[in-house]
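# An overview of the molecular structure
Here is how the chains run, residue by residue.
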Amino acid sequence: MSLVDYSTARQKISTPRVLNIQPGLWLAWGVMLLALLAAFAPELFTHFSPTEGVPGAQRLPPQAAYWLGTDQLGRDLYTRIIYGSSQSLSAAVAAVAMGLIGGTTLGVLAGAIGGRTENWLMRLVDVLLSIPSLLLSLSILILLGFGTVHAALAVGIASIASFARLARGEVVRVRRSEFVEAAYGSGGSFWRVLWRHILPNSLTAVIAFAALQFGQAILALSTLSFLGYGTPPPTPEWGLLIAEGRNYLATAWWLTTFPGIVVVAVVLAANRISRQLAGGDA
């Protein structure tokens, strides 16, 4: 390699990758950050009450006073969407955390130990994967009872198998690498090699999948709330808002349209961020 070629290659390597980030990725991060900010500090976005209606303001279309209109009880829809982000996103985070911790633990143990332990654990994972996630979530909800916490628990349990299969595959791939065999050959113990070599090189795909699963958890939780198994009224939640407005589609289209747009935007943002974390593109 000539000096000119070396300088060119070095310049490419030293160029900050943030400069090559596409506008769509910036938009995805912006949507996600706004949603999280609304979930943790909704009072920064609105001064209306999410549960108290204004007399005489039932089903008003979008206007200057009510940006996204009002519902059948005179409550500001924009305010209910903002406060609903707290229920939807907190439950989604809890569900993903449960699936990530539980599934990754099972997958890592199965992939690292191997043998009969791997066979038994993966057969359990296969059984869970054979059940549709929505059906499994509904079954768990029927056993535990309805509510936001139980819905998050049900969605989290339903996602454990997917995390476990991915984690096991990544661990098996890394375990067969030459540097892992060299670590064992130099006297490294099982747990030391697992902690210092296998885990750091196996969790990148799992973390990217967690971002993808975050969007799927929002969809699952919204579906459960739409069916009446999630957050009870009058507490606002995105799926519940869509369910409450479905009876007024002909006269108040905004009651379902705007909550639906918010759900789609956040899910697409999570999917886009997941692609970045997976290294698919900038």
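Here's what I pulled together on the structure shown here. Keep in mind it's a predicted model, so treat the numbers as computed, not measured. Throughout this document, residue positions are counted from 1 along each chain, in the order its sequence is written. A pLDDT threshold of at least 70 governs which residues receive local features in this predicted model, and a stricter bar of 80 or more applies before side-chain atom pairs are shown or counted, although totals over entire chains, interfaces and linings include all residues. Note: side-chain values were computed over all heavy atoms of the structure, leaving out hydrogens and water.

## Quick word on the side chain of threonine 104
- A run of DSSP states H or I qualifies as a helix once it reaches four residues; a run of E qualifies as a strand once it reaches two. Both are numbered from the N-terminal end. Residue placement: threonine 104 occurs in helix α3 (residues 77–113).
- Within 3.5 Å is the distance limit for a polar contact, defined as a pair of N or O atoms, with the added protein rule that one can donate a hydrogen and the other accept it, and that residues adjacent in sequence qualify only through two side-chain atoms. Of note is the side chain of threonine 104, whose polar atom sits 2.5 Å from the backbone oxygen of leucine 100.
- Not counting residues up to four positions away in its chain, the partners in contact with threonine 104 are Gly99, Phe163, Ala167, Leu203 and Val206. In this analysis, two residues are considered to be in contact whenever any of their non-hydrogen atoms come within 4.5 Å of each other.

## A look at the layout of surface pockets
- Grid points spaced at 1 Å and placed over the protein atoms alone form the basis of the search, with a cavity being a set where a 1.4 Å probe fits but cannot get out and a pocket an open set showing protein on both sides within 12 Å along at least five of seven lines. Lining residues have an atom within 4 Å of a point. Grid points are joined across faces, edges and corners, and a volume is the space filled by probe spheres set on the points. Volume-wise, the largest pocket comes out at about 340 Å³.
- Lining of the largest pocket is provided by 16 residues; of these, Leu34, Tyr78, Ile81, Ile82 and Val262 occupy positions nearest its centre.
- Sorting the residues of the lining of the largest pocket by element identifies α2 (23–40), α3 and α11 (254–277) as the ones contributing at least two each.

## Re the pattern of salt bridges
- Every case where a carboxyl oxygen of Asp or Glu lies within 4 Å of a side-chain nitrogen of Lys or Arg is listed as a salt bridge. Within the structure shown, the criterion is met by 8 salt bridges.
- With its nearest N and O atoms 3.8 Å apart, the salt bridge here joins aspartate 71 to arginine 80.
- Classification of residues uses two cut-offs on accessible area relative to the type maximum, computed with a 1.4 Å probe and protein chains only: under 20% is buried, over 50% is exposed, and between them is partly exposed. When its relative accessible area of 0% is taken as the criterion, arginine 80 is described as buried.
- Here glutamate 118 makes a salt bridge to arginine 168, at a shortest N to O gap of 2.5 Å. Of this pair, glutamate 118 sits in helix α4 (residues 115–129) while arginine 168 sits in helix α6 (residues 148–175), and the two are 50 residues apart along the sequence.

## Examining the environment of alanine 167
- Among the structural elements, alanine 167 can be located in helix α6.
- Residue classification places alanine 167 among the buried positions, given a relative accessible area of 2%.
- Separated by 67 residues in the primary sequence, alanine 167 and leucine 100 place their C-alpha atoms 9.5 Å from one another.
- Those residues in contact with alanine 167 that lie beyond four places of it in its chain are Gly103, Thr104, Gly107, Val108 and Val206.

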